[in-house]
Structure formats: C-alpha cells, structure tokens
Amino acid sequence: MGHGSTGFDDADGRGHLDGLTRWSETVSTAAEPCLLIDRETTIAAVSPSCCQLLGLGTPLDALGLPLLGSELRLLDFTAARGELTEQDVEKIPPLLALHSGRLARGLLRVRFPEVDGPDATVDAIATPILTDGHVAGSLTFFAEV
C-alpha cells in the first residue's frame, strides 16, 4: 500500500468512502446479528438476524429510525423488568462506544414487542467507526446469552 493508503482507496489512490458507508453494505448483508448507528444514533444499517434478535421488525422498517425511538425496548435486570433509566441507557455498548470513542461491551435485556413474551439477554460488543479521525458512528455485534 502506498504512503497514506487506508486499504480502501480507488485504483487512482484516492479514498472514496467514509467509515459508515464502508460498513453499511457489510452490516446489511451479514449473517451475524449486527447494528450500525450514526453519530445521531440513527440506525444506518442492521442485519436481518439482528432485527429478529432485538425485535426490530425488518431491516427496511428499522433503517433510518433513531435507535432508542425504534421498537427496541431495553429492560433492567431486576425481577420487575423495568425499562432502563436514561442514565443506564447512556451506558449501553452502542452508545458508549459512540460517546467514548472506545470499545464497549455489556449485557442487555431486550423485551420483544409482545409485552408478555419472553425477554432476550444479549451480549453486545461495540466499536466506534471513524471518518477523518472523528467518531462517525458505532458498530455493534450481538450474541444471545
């Protein structure tokens, strides 16, 4: 690779895609449950398996929605299954990676759209996505526990 090359350069050596754009197609077609959000916490891409795991409907339904304004319902780990407080929501891996610029990992308890349905506990690991050296979003992978 030439001096200053990122490995994502055009044939003429010019970079052509920002971090979010590069990851968007990969996430959209991934077999693994993964989610890409932008700096404003809008869902930029989501895999079909992630939609199923988190109860987000279809990828097309979720695309463009705010992460916390979507169908996603996060619960605390108490027996009461209460919704997360605003303070706790800021600590979920996708948002923590976005705001801290560092890797973030944690467990989430997700309520499915049917209120009386089963909850899912998922392990989430998130990384910030950079564009021109600045955090432009975060990419999160999920695994059911």
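Placed above this text is the structure.
Reading the values: rules and limits
- Residues numbered from 1 in each chain as written.
- Predicted model: local features only at pLDDT ≥ 70, side-chain atom pairs only at ≥ 80, totals over all residues.
- Heavy atoms only, no water.
- Pairing = 2+ DSSP bridges.
- Helix = DSSP H or I, 4+ residues; strand = E, 2+ residues; numbered from the N terminus.
- Salt bridge = Lys/Arg side-chain N within 4 Å of Asp/Glu carboxyl O.
- Buried < 20%, exposed > 50% of the residue type's maximum accessible area, 1.4 Å probe, protein only.

Engineer: Help me understand the pairing of strand E5 (residues 119-131), please; the structure alone is not making it clear to me.
Structural biologist: For a regular strand, side-chain orientation follows a simple rule: the groups alternate between the two sheet faces. Relative to E5, strand E4 (residues 104-111) runs antiparallel, the two sharing eight bridges. Bridge pairing in E5 links Gly106 to Ala124. In the sheet, E5 pairs with strand E6 (residues 134-144) via 10 bridges, with the strands oriented antiparallel. Across the sheet, the residue bridging to Val122 is Glu144, located in E6. Between E5 and the antiparallel strand that follows it, E6, lie two residues; Asp132 among them carries a positive phi value of about 50 degrees.

Engineer: Help me understand the pattern of salt bridges, please; the structure alone is not making it clear to me.
Structural biologist: Two side chains carrying opposite charge are able to pair once their charged atoms lie near each other. Applying the stated criterion across every chain, the model contains four salt bridges. Among the salt bridges present, the one from Glu83 reaches Arg111, with a minimum N-O distance of 3.8 Å. Of this pair, Glu83 sits in the loop between strand E3 (73-75) and helix H4 (86-89) while Arg111 sits in strand E4; the two residues are 28 residues apart in sequence, bridging distant segments of the chain. Among the ionic pairs, Arg109 bridges to Asp119, the shortest N-O distance being 3.3 Å. A residue pair is termed long-range when its members are at least 10 positions apart, and Arg109 in strand E4 and Asp119 in strand E5 qualify at 10 residues. Exposure remark for Arg109: the relative accessible area of 16% places this residue in the buried category. Since its relative accessible area comes to 24%, Asp119 is described here as partly exposed. Each member of the salt-bridge network shares a partner with another, and the members are Arg81, Arg109 and Asp119.

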